[in-house]
Amino acid sequence: MAEKKKAGAFDIRVVIAALIGIYGLLLTILGLIADPQEVAKADGININLWGGLAMLAFAALFVLWARLRPIVVPVEAETSE
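Residues numbered from 1 in each chain as written. Predicted model: local features only at pLDDT ≥ 70, side-chain atom pairs only at ≥ 80, totals over all residues. Heavy atoms only, no water.

**Student:** Help me understand a nonpolar patch on the surface in this model?
**Tutor:** Taken together, the side chains of Leu25, Ile29, Leu30, Leu32, Ile33, Ile45, Ile47, Trp50, Leu53 and Leu56 make up a nonpolar region of the molecular surface, amounting to roughly 1000 Å² of accessible area. Those elements giving two or more residues to the nonpolar patch turn out to be α1 (12–32) and α3 (47–68). Accessibility expressed as a relative area gives 61% for Ile33, which makes it exposed. (Patch = residues over 30% accessible without salt bridge, like charges linked within 9 Å, V, L, I, M, F, W, Y side chains within 5 Å. Areas by Shrake-Rupley, 256 points an atom, 1.4 Å probe, with all protein chains shown as cover. Salt bridge = Lys/Arg side-chain N within 4 Å of Asp/Glu carboxyl O. Helix = DSSP H or I, 4+ residues; strand = E, 2+ residues; numbered from the N terminus. Buried < 20%, exposed > 50% of the residue type's maximum accessible area, 1.4 Å probe, protein only.)

**Student:** In this structure, what is going on with the pattern of salt bridges? I would like to understand it.
**Tutor:** For side chains of opposite charge, pairing can occur when their charged atoms come near one another. All chains considered together, the criterion is met by two salt bridges. Measuring nitrogen to oxygen at the nearest pair gives 2.6 Å for the salt bridge that ties Arg13 to Asp11. By relative accessible area, Asp11 is classed as buried at 4%. Notably, a salt bridge pairs Lys41 with Glu38, separated by 3.5 Å at the nearest N-O pair. Separated by three residues within a single helix, Lys41 and Glu38 lie in helix α2 (residues 36–41), roughly one turn from each other. Its relative accessible area of 67% is what places Lys41 among the exposed residues. Classification of Glu38 by relative accessible area gives partly exposed; the value is 46%.

**Student:** Even after reading the chapter, I still don't get the packing of α1 against α3, so can you show me in this structure?
**Tutor:** The relative placement of two packed helices comes down to the angle between their axes together with the axis-to-axis distance. Two elements in contact, α1 and α3, have axes whose closest approach is 7 Å; the angle formed by their N-to-C orientations is 155°. Classed by the angle they form, the pair α1 and α3 counts as roughly antiparallel. The interaxial crossing formed by α1 with α3 has left-handed handedness. For the contact of α1 with α3, the class distribution of residues is 19 nonpolar, seven polar and one charged. (Axes fitted to C-alpha atoms, helices over the stretch in contact; angles between N-to-C directions. Parallel < 35°, antiparallel > 145°, perpendicular 65-115°, else oblique. Left-handed = near helix turned anticlockwise from the far one by under 90°. Nonpolar A, V, L, I, M, F, W, Y, C, P; charged D, E, K, R; others polar.)

Encoded structure:
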């Protein structure tokens, strides 16, 4: 029977989570330092802050999904000729 190995860092879900997490972190920081006049333009809702927090939560869910349900890749046995 062939061995099985987890995809680990090469899982596309981890890459997507990292990208969304970076953008979410930047938006959250921009939301925290937002000018009150800019927030007033959006009807008093700090869109950068809420969007960044939502992206961070989404990235955390992706990482959790990748950890709980890892992709299993069968390892081919090396044949020597």
